[in-house]
Amino acid sequence: MGSAMASNLQNYLHAQGQLPLRFWNRTASKGEALTSLGGIHCDSIADVVRDSGIIFISTSNDEALQTIVAQIISAGNLTDKIIVDTTTVLPDTSKAVSARLAQENAFLVSGPVFGSAPMAAERKILMVAAGARCTIHRISPYIKDVIARDMIEVADEPEKASLLKIIGAKQNARNFLVSGLTEIIGEAQVLAEKSDLGTGVVEKLLEAQFGPLPTMISKRLTQGVYMPPKDLALKDVRHAIECGAVVETKLPVGEVVLEHLKRAKVFSQEQDRQLDSAASYGIIRCDAGLDFENEFVKRRDA
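Residues numbered from 1 in each chain as written. Predicted model: local features only at pLDDT ≥ 70, side-chain atom pairs only at ≥ 80, totals over all residues. Heavy atoms only, no water.

Observations concerning the UniProt feature "domain: 6-phosphogluconate dehydrogenase NADP-binding" (unreviewed entry) in the protein
Keep this limit in mind: UniProt positions are given in the numbering used here, feature names are shortened, and annotations may be inferred rather than shown by experiment. The secondary structure listing takes helices from DSSP runs of H or I that are at least 4 residues long and strands from runs of E that are at least 2 residues long, numbered from the N terminus.
UniProt records the feature "domain: 6-phosphogluconate dehydrogenase NADP-binding" (unreviewed entry) for residues 1-146 in the present numbering. Taken end to end, residues 1-146 is 43% helix and 16% strand, and its two terminal C-alpha atoms sit 14 Å from one another.

Structure representation (structure tokens):
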């Protein structure tokens, strides 16, 4: 996701005749494509900070964000610099990071994005941004039609954007609303399979009656996407439940999803096999007396 956003930003800067993007990545080799576009690889975060007025962060979780921000602060001379965080983190994390940066006379814009890496490559992701209005105004030329299809201004407090991202996304299957839909659609498809109705006809119903989002979720299940890449859903659903607890609001569906994802993680460890964020589907299958792997996965892996 970060690589795609950075590449689009570098292409925009080049087209506008502006200075090239300076960047740092934990794995230097992953920046080779960006270097080929004209981006300048820096040896450290401090090098990026020294020569930049607006600094984008795209990382994996709260802890990684806090570590990177600590290194940014260590670089010094942050007065009037804007740090744009595109990571999905807890609202309290955004609030704490904002306060730390404010002590250095710097600003945080919380700008989590809705979408996937392929969507980021095509500039089809959506950014929700929260922070001081003047900072959002400064970053806006680099967002709409550059990194994202659009940017929605949420509030002055950075933590509000983090909360909105955790509540749910239309396209990002790692978040709370879509995790709940994955659970429901997974149950429907398991019922259809056990009843010999077939998953295909349910998919046609979803597309005709409910639209592209449920259909996309269903295809992640029936076409085996739930059994390869990386499991980040556990983090985001847990974040949503923690946010609910803060305001004394229970999220029963979220708790079911979290329990299923925990069990899927155990399965992943036992089988030494990485799973996708939709892996709760495998647990729903097991509870119905089916194999974790559906027929599509079995044929593909054979």
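What to know about the packing of helix α5 (residues 91-102) against helix α8 (residues 158-167)
Rules: Lines fitted to C-alpha atoms define the axes, with helix axes restricted to the stretch in contact, and inter-axis angles between N-to-C directions lie between 0 and 180 degrees. Should an angle fall under 35 degrees it is taken as roughly parallel, and over 145 as roughly antiparallel, whereas 65 to 115 is taken as roughly perpendicular and any remaining angle as oblique. Crossings are sorted by hand: turned counterclockwise from the far helix by less than a right angle, the near helix makes the crossing left-handed, and turned clockwise it makes it right-handed. A contact between two residues is defined here by any heavy atoms of the two lying within 4.5 Å. Note that Gly is not counted as nonpolar here; it falls among the polar residues with everything else outside the nonpolar set of Ala, Val, Leu, Ile, Met, Phe, Trp, Tyr, Cys and Pro and the charged set of Asp, Glu, Lys and Arg.
Packing of α5 against α8 brings their axes to within 8 Å, and their N-to-C directions diverge by 160 degrees. When the axis of α5 is compared with that of α8, the two are roughly antiparallel. As α5 runs across α8, the sense of the crossing is right-handed. Within the contact between the two elements, α5 uses Pro91, Ser94, Lys95 and Ser98 and α8 uses Pro158, Glu159, Ser162, Leu163 and Ile166. Among the residues making up the contact of α5 with α8, the classes are represented as four nonpolar, three polar and two charged.

Structural notes on the side chain of serine 98
Relative to the helices and strands, serine 98 is located in helix α5. Not counting residues up to four positions away in its chain, the partners in contact with serine 98 are Leu108 and Pro158.

So, helix α1 (residues 2-15)
Selection rule: For a helix, the expected span equals 1.5 Å multiplied by the residue count minus one. Exposure is judged per residue with a 1.4 Å probe applied to protein chains only, and the accessible area is read against the type maximum: over 50% gives exposed, under 20% gives buried, and values in between give partly exposed.
Its 14 residues place the ends of α1 20 Å apart at the C-alpha level, agreeing with the 20 Å of an ideal helix rising 1.5 Å per residue. Within α1, the full set of buried residues consists of Ala4, Met5, Ala6, Ser7, Asn8, Leu9, Gln10 and Leu13. Tucked inside the fold, the buried residues of α1 contact α2 (32-36), β3 (54-57), β6 (113-114) and α6 (117-121). Just past α1, the residue glycine 17 takes up positive phi, approximately 70 degrees.

Observations concerning unusual backbone geometry
Unlike most non-glycine residues, asparagine 77 shows phi in positive territory, near 55 degrees. Residue position: asparagine 77 is located in the loop between α4 (62-75) and β4 (82-85). Overall, asparagine 77 belongs to the exposed group, its relative accessible area being 66%. Although it is not a glycine, arginine 123 sits at a positive phi angle of roughly 60 degrees. With respect to the secondary-structure elements, arginine 123 resides in the loop between α6 and β7 (126-130).

Notes on the pattern of salt bridges
Think of it this way: side chains of opposite charge can pair up when their charged atoms draw near. What counts is decided by this rule: Here, a salt bridge means any Lys or Arg side-chain nitrogen found within 4 Å of an Asp or Glu carboxyl oxygen.
This structure, assessed with the given rule, holds ten salt bridges. The closest approach of N and O atoms between aspartate 51 and arginine 22, which form a salt bridge, is 3.3 Å. Separated by 29 residues along the polypeptide, aspartate 51 in the loop between α3 (45-50) and β3 and arginine 22 in strand β1 (residues 22-23) bring together distant segments of the chain. For aspartate 51, a relative accessible area of 41% corresponds to the partly exposed category. A relative accessible area of 27% places arginine 22 in the partly exposed class. Between aspartate 47 and arginine 50 there is a salt bridge whose closest N-O contact spans 2.9 Å. Of this pair, aspartate 47 and arginine 50 are both found in helix α3, three residues apart, which corresponds to roughly one turn of the helix. Residue class for aspartate 47 comes out buried when judged on its relative accessible area of 19%. Overlapping salt bridges bring together Arg22, Asp47, Arg50 and Asp51 as one network.

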